[in-house]
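Chain by chain, the residues run as shown.
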Amino acid sequence: MCCSYWYISAVFLHSIRSLKKNINQEERTLEERRQKQQEKVEKEKTSTRNLGPHQFRAPDIEVQLSDELAGSLRKLKPEGSTLLDRFSSLQKRNVIETRKKVVPHRRLKRKMYTKNAYKGFEDKQHYKPERA
């Protein structure tokens, strides 16, 4: 009786240790998932969302080359457009939806032609076929 009690307690202790390991491992994985989810939420707060069918693309930064730079700030010429900068800032902050530039359609020239009624072919009595 004494030996079987020790055997049962050893098996019981082993199972408790393995259960404790499993529980600790599951808690670690849950904590990692929570951290990833929290990082994802924080990233979504600062990133731009798709309010429309198009995705936001940051405009290229306009930089002057060394030979284009002026000697003083007073002589420095402004680069870019303030309106376009404000517009892209509003798109980046998800205030307005992102859009593509609308290219105006090219209107074709009107085709000119003369109708037969104008030429006088409508009246058959005035029509004389040419002979070769």
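Nothing here was measured: the structure is a model prediction, and the numbers come from that model.

Novice: Got a minute to help me understand the overall build of the protein chain in this structure?
Specialist: Check the secondary structure of the protein chain and you find three helices and zero strands. Along the chain direction, N to C, the helices and strands of the protein chain fall in the order α-α-α. Across the 132 residues of the protein chain, 5% fall into the buried class. Considering only intrachain contacts with a sequence separation of at least 6, the fraction spanning at least 24 residues in the protein chain is 51%. Summing over all exposed atoms, the protein chain offers an accessible surface of approximately 14600 Å²; the carbon and sulfur share of this is 54%.

Novice: What is the right way to read the side chain of Ser88 from this model?
Specialist: Residue position: Ser88 is located in helix α2 (residues 82-92). On the basis of relative accessibility, which here comes to 16%, the residue Ser88 falls in the buried class. Reaching out from Ser88, the side chain makes a polar contact with the backbone oxygen of Asp85 at a distance of 3.0 Å.

Novice: Whenever I open this one, the pattern of salt bridges confuses me. Can you help?
Specialist: Side-chain pairs of opposite charge can arise whenever the charged atoms involved come near each other. On inspection of all chains with the given rule, the structure shows three salt bridges. Between Lys45 and Glu42 there is a salt bridge, with its nearest N and O atoms 3.7 Å apart. Residue Lys45 and its partner Glu42 are located together in helix α1 (residues 2-46), separated by three residues, close to a single helical turn. With a closest N to O distance of 3.9 Å, Glu97 and Arg99 form a salt bridge.

Novice: Just checking my understanding: could you explain the confidence of the model for the protein chain for this structure?
Specialist: Any residue range with low pLDDT should be treated as having predicted coordinates unsuitable for detailed reading. Residue-level pLDDT values for the protein chain average 80, and 80% of them are 70 or greater. Here helix α3 (residues 116-119) stands out as the element of the protein chain with the lowest mean pLDDT, 66, in contrast to α2, whose mean of 88 is the highest.

Novice: Hey, could you run me through the environment of Lys100 in this one?
Specialist: One can find Lys100 in the loop between α2 and α3. A sequence separation of 44 residues divides Lys100 from Phe56, and the C-alpha atoms of the two residues are 9.8 Å apart.

Novice: Is there a simple way to think about a negative patch on the surface in this case?
Specialist: A surface patch of like charges, here negative, comprises Asp60, Glu62, Asp67, Glu68, Glu79 and Asp85. Among the secondary structure elements, Glu62 is positioned in the loop between α1 and α2. Its relative accessible area of 52% is what places Glu62 among the exposed residues.

Novice: How should unusual backbone geometry be read in this particular structure?
Specialist: With a phi angle near 65 degrees, Asn94 is a residue other than glycine that sits in the positive phi range. Of note, Asn94 is situated in the loop between α2 and α3. Accessibility expressed as a relative area gives 15% for Asn94, which makes it buried.

Novice: How should the side chain of Thr98 be read in this particular structure?
Specialist: For Thr98, the position within the fold is in the loop between α2 and α3. On the accessibility criterion, Thr98 (7% relative accessible area) is buried. Looking at Thr98, its side chain comes within polar contact range of the main-chain oxygen of His54, at 2.5 Å. Apart from residues no more than four positions distant in its own chain, Thr98 is found in contact with His54, Gln55, Phe56 and Gln91.

Rules used throughout
- Residues numbered from 1 in each chain as written.
- Predicted model: local features only at pLDDT ≥ 70, side-chain atom pairs only at ≥ 80, totals over all residues.
- Heavy atoms only, no water.
- Helix = DSSP H or I, 4+ residues; strand = E, 2+ residues; numbered from the N terminus.
- Buried < 20%, exposed > 50% of the residue type's maximum accessible area, 1.4 Å probe, protein only.
- Contact = heavy atoms within 4.5 Å.
- Areas by Shrake-Rupley, 256 points an atom, 1.4 Å probe, with all protein chains shown as cover.
- Polar contact = N/O pair within 3.5 Å; in protein donor to acceptor, adjacent residues only side chain to side chain.
- Salt bridge = Lys/Arg side-chain N within 4 Å of Asp/Glu carboxyl O.
- pLDDT = per-residue confidence, 0-100.
- Patch = residues over 30% accessible without salt bridge, like charges linked within 9 Å, V, L, I, M, F, W, Y side chains within 5 Å.
- Lys, Arg positive; Asp, Glu negative; His and termini not counted.
- Charge placed at Lys NZ, Arg CZ, Asp CG, Glu CD.

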